[in-house]
Amino acid sequence: MPSYPFSEIEKKWQKYWKDHKTFKAIEDTNYPPDRRAYLLDMFPYPSGAGLHVGHPEGYTATDIYSRYLRMNGYAVLHPMGFDSFGLPAENYAIKTGTHPRITTKQNIDTFRKQIQAFGFSYDWDRELATSDVDYYRWTQWIFLQLYKKGLAYETEAPINWCPSCLTGLANEEVKEGCCERCGTQVVRKNVRQWMLKITAYAEQLLEDLDDLDWPQSVKVMQRNWIGKSTGAEIDFTLAAPHEKEKITVYTTRPDTIFGATYLVLAPEHPLVMHITSKEQLPAVQAYREETAKKTDLERTELAKKKTGVFTGAYAVNPLTQEKIPVWISDYILVSYGTGAIMAVPAHDERDWAFAKLFGLPVIQTVASEEEWKQKGAAGDYRTAPQECTSADGYAVNSGEFTGLPTREAITRITDYAAARGFGKKAVNYKLRDWVFSRQRYWGEPIPLVHCPSCGVVPLDEKDLPLALPETDSYSPSDTGESPLAKIPEWVNTVCPRCGAAARRETNTMPQWAGSCWYYLRYLDPHNSKEFCSKEKEAYWMPVNLYIGGAEHAVLHLLYARFWHKVLYDLGLVHTKEPFTRLVNQGMITSFSYQRKNKSLVPADEVVQTEDGTFKEKATGEPLERVVAKMSKSLKNVINPDEMIEQYGADSCRMYEMFMGPLDMSKPWNTQGLIGIFRFLEKIWAISEAPLIDCPVNDTSTPENAEITKLLNKTIKKVTEDTASLNFNTAISQMMIFINTLSKSTAVPRFAWESFVKLLAPYAPHLAEELWEKLGHTGTIAYEDWPLFAGKYCIDTECTIVVQVNGKVRDKFQAAMDAPKADLEAAALKTEGAQRFLDGKQPKKIIVVPNKLVNIVI
């Protein structure tokens, strides 16, 4: 077999694409709007570890689809850039003193080189990085629009706080309650923060999900995160000595208010310290301090044991006029609803557990349909129920509302409370405003100034960008402020409004900021006058296909949708949603090795025995090979550079797509990659054979007729599967075609040219070389995609499987839709059937037309 010089070919064509700017996207108005496509990959963060083979999976998918669309007459925008502000670079700076800009640039250079080695058809002239001043100038500009629209505000907010690092931490930076950076126990602390009022868009974010072509699982996650509920807000007046105070609770079940036997406040609720009695003060203070060490997730975990402390205060139930105790408990969050609940233990599992633990009263206020049928309105419901239920039914122990069905009782009691001034209908969301500041250096400076006279003043837009100052100290200040607070020449400034001495905002934006809108900057990355021209935005938007990991299903996508909707309301973009279609690629995993106790062993500590089993080197313990996430600690990370060096980029691209459906997780197996490499070698070998010139779809000889028929079926299959992103089955069909072609004595030129075009999106380097070998000049990237003739895709024959007692024994060819009697007769004559019948008469023969004949003996 002729040698396949993949390395030379790939270097040659990557240089050609770069030199000729083959994939440069241009806003050509000759392409109508329905022939334009914007394909986007989720913004990679350039870590020091570089890529592993899982990263390029989504990039390969968008690249194949981009190339396919170009060949189908589309203008395609396919850009790449880097989400380059982030905690790891700052951690490294604190540890080594190396400026984050230096390590970030090095990491970007590594990522870019690795990505380019795959031959992806990106328009590299549009490359951007969120840490570039020219980019974050416009991130700051968008923030100012949010601020002017009243969507950015300053407040004291509880955050994860590391006492050692003196900085706030995002939830993902807290591991098992400790700081990921230094391992210190994290506490909850109120810190001055900037917030974005994403809650103002909660309803729009919820409603507009319906029109998106997104995975249903992602939509469900976003709906749950937004967490809309309808109910009522009820005011409970406090008993003496605090009768001037009231506690407002939010409830979805106001019909159960007659069973509210106590109130629970979040420990951070602003009323707690005011209403707590002198006797209870030490216990309340100690409980608040303990709560501060827990994350929201730990506090709301359903399975955890309930804890709490009585404040010593009482409230009055507005329906029963009974005094009920006020408690605090960490299962109530100050950020959800009003930070207070009325506890109805008979009809809420958390309240039930709490009441049972502390011996609080339980009063039934809802009877099930079955119970209501048995007892009716006159029944005795005074005995405390034996179990908790939240199901609908009929109101009991509820005064004048007794007997009402649940839904009617909810409405009537809400109206009753509203009419008497202690309640109202309310809609609530779990979604909380976005904490939009960090006490860090490596992030976008917030373009605001604090003036003693004028308060908070935004910078004039003409004074942007507000660049990060140079420094050699990246640790937070002693006060817990960001490192910027330690640079007086930068912090001290003048007020843009009155000219008096003022101080700059020293918090920086979170990493999410730049990634909220990068897809818009790709449209016009070199524009120094505006974040994006309206003409270019109108030409390309919205994004037609967005591919990325499911781990970004909520936060990134929700934040980006929020910013986009604000820009839409400001008239700066013309679509309500940024991403019309979303696909989550599955994770590429790797093999790992597991002990009997389920612990994993690093791959370099494992030996494979002669019989194919695995053992731990040190102990000799037998190990089971399992599938696990790629991890540096498990030494099972596959480096794409090594794979490309050995087998080529085209082999890696095709293998990543051939492993299985795009949205499914699958384990990497280098033997499978070798199989794809052999397939490409076979294609190369066929290209060395002479071609015969004959008419397109020639059927003048049986061999050409077979090739013509299979070619058209292959074009149809590859076209449909590429369009629907079913790349693995498209590759399978190409393999079938090549296996047939490799047996042919001569290859018709029309068939070979059509196949090379089909191959081009999948193995672009090889396809370019084959196209050149066919005598063409220039790139194949914009050649017309081949068309199939439907008449050659219709099967006239089919393979009939012959079974004897359900086991396959033979097969034969038959005309499509042949009569059952003919199939039965043909099956009985096959060698396999004769051998197993051995003169016996069949008891029964089952015929499935066009598929099989099963002979039962």
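The structure presented is a predicted model; accordingly, all values stated were derived computationally and were not measured.

Attention now moves to the sheet that holds strand 22 (residues 545–548). Pairing is parallel in the open sheet, where 4 strands are placed in the order 2-1-22-23. The strands lining the two open edges of the sheet, one partner per strand, are strand 2 (75–77) and strand 23 (582–584). Geometrically, the sheet is characterised by an average inter-axis angle of 20° between neighbouring strands, direction not taken into account. Pairing of strand 1 (residues 36–41) with strand 2, which is carried by 3 bridges, proceeds in the parallel orientation. Each bridged residue has a counterpart across the sheet, and for Tyr38 the counterpart in strand 2 is Leu77.

All right, on to the pattern of salt bridges then. Summed over the entire model, instances satisfying the criterion amount to 42 salt bridges. The partner of Arg67 in a salt bridge is Asp63, and the shortest N-O contact between them spans 2.9 Å. Taken together, the positions of Arg67 and Asp63, both in helix 2 (residues 56–71) and 4 residues apart, correspond to about one turn of that helix. The burial state of Arg67 is the same as that of Asp63; both residues are buried. A salt bridge links Glu408 to Arg412, with the shortest nitrogen-to-oxygen separation between them at 3.3 Å. Residue Glu408 and its partner Arg412 are both found in helix 13 (residues 406–419); the two are separated by 4 residues, about one turn of the helix.

What follows covers the pairing of strand 24 (residues 588–594). On any regular strand, side chains alternate: one points to one face of the sheet, the next to the other face. Along strand 24, 6 of the 7 residues are buried, which leaves the element largely enclosed by surrounding structure. Relative to strand 29 (residues 666–667), strand 24 runs parallel, the two sharing 2 bridges. By the bridge assignment, Ile588 is partnered in strand 29 with Lys666. Bridge analysis of strand 24 against strand 28 (residues 622–628) gives 5 bridges, and the strand direction is antiparallel. Across the sheet, Tyr593 pairs through a bridge with Arg625, a residue of strand 28. Between strand 24 and strand 25 (residues 600–601), which pair antiparallel in sequence order, lie 5 residues; one of them, Lys598, sits at a positive phi of approximately 80°.

Before going further, it helps to spend a moment on the pairing of strand 18 (residues 448–451). Alignment of strand 18 against strand 19 (residues 455–458), held across 4 bridges, turns out to be antiparallel. In the sheet register, His450 faces strand 19, and the bridge partner there is Val456. A loop of 3 residues connects strand 18 with strand 19, the two strands running antiparallel in sequence. Across 2 bridges, the pairing between strand 18 and strand 21 (residues 501–504) is antiparallel. From the neighbouring strand, Val449 faces strand 21, where its bridge partner is Arg504.

If you trace the 4 strands from one edge of the open sheet to the other, you get 4-3-7-17, paired in antiparallel fashion. Of all the strands in the sheet, just strand 4 (167–169) and strand 17 (434–435) have a single pairing partner and so form its edges. As paired strands, strand 7 (residues 187–196) and strand 17 are joined by 2 bridges and run antiparallel to one another. The residue bridging Met195 from the neighbouring strand is Val435, located in strand 17.

In this section: the packing of aromatic side chains. Within this structure, the stated rule accounts for 54 aromatic pairs. Taken together, a centroid distance of 6.5 Å and an interplanar angle of 85° make the contact between Phe143 and Trp194 edge-to-face. Of this pair, Phe143 sits in helix 5 (residues 133–148) while Trp194 sits in strand 7, and the two are 51 residues apart along the sequence. The same class applies to Phe143 and to Trp194, which are both buried. Where Tyr441 meets Trp442, the ring centres are 6.4 Å apart and the plane angle is 25°; that geometry is what we call stacked. Among the aromatic residues, those joined into a ring-pair cluster are Phe143, Tyr147, Trp194, Trp434, Phe436, Trp512, Tyr559 and Trp563. Lying across the ring of Tyr314, Lys323 places its NZ or CZ 5.2 Å from the centre. The ring centre of Trp684 lies 4.1 Å from the NZ or CZ of Lys773, which sits over that ring.

The next thing to look at is unusual backbone geometry. Note that the residue after Ala240, namely Pro241, is joined by a cis bond; omega there is 15°. Cis geometry marks the peptide bond from Leu464 to Pro465; its omega dihedral reads 5°. Relative to the helices and strands, Pro465 resides in the loop between strand 19 and helix 14 (488–491). Here the phi dihedral of Gln321 falls at roughly 65°; this positive angle occurs in a residue that is not glycine.

Two elements in contact, helix 20 (residues 649–658) and helix 21 (residues 670–687), have axes whose closest approach is 9 Å; the angle formed by their N-to-C orientations is 120°. Considering their axes alone, helix 20 and helix 21 lie oblique with respect to each other. As helix 20 runs across helix 21, the sense of the crossing is right-handed. Between helix 20 and helix 21, the residues in contact are Asp650, Ser651, Cys652, Met654, Tyr655 and Phe658 and Gly672, Leu673, Ile676, Phe677, Phe679 and Leu680, respectively. Looking at the contact of helix 20 with helix 21 residue by residue, the class counts come to 9 nonpolar, 2 polar and 1 charged.

It is worth spelling out the nonpolar core at this point. Counting residues in hydrophobic clusters, the biggest one holds 87 residues, and the most contacted among them are Met654, Trp668, Ile683 and Trp752. Contact partners of Trp752, with chain neighbours within four places excluded, come to Ile683, Ile686, Ser687, Leu691, Ile738, Leu741, Val747, Leu770 and Leu774. In this structure, Ala89, Leu468, Trp517 and Phe562 belong to the second largest nonpolar core, which totals 86 residues.

So, on to the packing of helix 23 (residues 727–741) against helix 24 (residues 749–759). Closest axis-to-axis distance for the helix 23/helix 24 pair is 12 Å, and the angle between their directions is 150°. The orientation of helix 23 with respect to helix 24, classified from their angle, is roughly antiparallel. The chirality of how helix 23 crosses helix 24 is left-handed. Seen from helix 23, the contacting residues are Met734, Phe737, Ile738 and Leu741; seen from helix 24, they are Ala751, Trp752, Phe755, Leu758 and Leu759.

The next thing to look at is the side chain of His242. Mapped onto the secondary structure, His242 falls in the loop between strand 8 (229–238) and strand 9 (246–251). Contact partners of His242, with chain neighbours within four places excluded, come to His274 and Ile275.

What follows concerns the environment of Lys598. In this structure, Lys598 sits in the loop between strand 24 and strand 25. Along the chain, Lys598 and Leu673 lie 75 residues apart, while their C-alpha atoms are 29 Å from each other.

Let's shift gears to helix 20. Most of helix 20 is tucked away: 9 of the 10 residues are buried. Three or more residues of helix 20 are buried, namely Ala649, Asp650, Ser651, Cys652, Arg653, Met654, Tyr655, Glu656 and Met657.

Counting through the fold element by element, Arg504 comes out in strand 21. Lacking a salt bridge, the buried Arg504 has Asp463 as its closest oppositely charged neighbour, with an N-O distance of 7.9 Å. Within the structure, Arg504 has its side chain in polar contact with the backbone oxygen of Trp490 (distance 2.9 Å). Excluding residues that lie within four positions of it along the chain, Arg504 makes contacts with Leu448, Val449, His450, Leu459, Leu466, Trp490, Val491 and Thr493.

With that settled, the discussion passes to helix 7 (residues 216–226). Turning to helix 7, its buried residues number three or more, namely Val218, Lys219, Gln222 and Ile226. For helix 7, the buried positions fall inside an angular range of 100° around the axis, keeping them on one side. Exposed residues on helix 7 whose side chains face more than 90 degrees from its buried face are Gln216 and Asn224. Along its buried surface, helix 7 packs onto helix 6 (202–207), helix 18 (555–569) and strand 23. Two residues or fewer after helix 7 comes Gly227, characterised by a positive phi angle close to 60°.

Relative to the helices and strands, Ala292 resides in the loop between helix 9 (281–291) and helix 10 (296–300). With relative accessibility at 18%, the residue Ala292 sits in the buried group. Taking the C-alpha atoms as reference, Ala292 lies 8.8 Å from Glu268; in sequence the two are 24 residues apart.

Here is what the cut-offs are and how they apply
Residues numbered from 1 in each chain as written. Predicted model: local features only at pLDDT ≥ 70, side-chain atom pairs only at ≥ 80, totals over all residues. Heavy atoms only, no water. Pairing = 2+ DSSP bridges. Helix = DSSP H or I, 4+ residues; strand = E, 2+ residues; numbered from the N terminus. Axes fitted to C-alpha atoms, helices over the stretch in contact; angles between N-to-C directions. Salt bridge = Lys/Arg side-chain N within 4 Å of Asp/Glu carboxyl O. Buried < 20%, exposed > 50% of the residue type's maximum accessible area, 1.4 Å probe, protein only. Phe/Tyr/Trp six-rings, centres within 6.5 Å; stacked < 30°, edge-to-face > 60°. Lys NZ or Arg CZ within 6 Å of the ring centre and 35° of its normal. Parallel < 35°, antiparallel > 145°, perpendicular 65-115°, else oblique. Left-handed = near helix turned anticlockwise from the far one by under 90°. Contact = heavy atoms within 4.5 Å. Nonpolar A, V, L, I, M, F, W, Y, C, P; charged D, E, K, R; others polar. Core = buried A, V, L, I, M, F, W, Y, C linked by side-chain atoms within 4.5 Å. Lys, Arg positive; Asp, Glu negative; His and termini not counted. Polar contact = N/O pair within 3.5 Å; in protein donor to acceptor, adjacent residues only side chain to side chain. Arc of directions from axis to C-beta.

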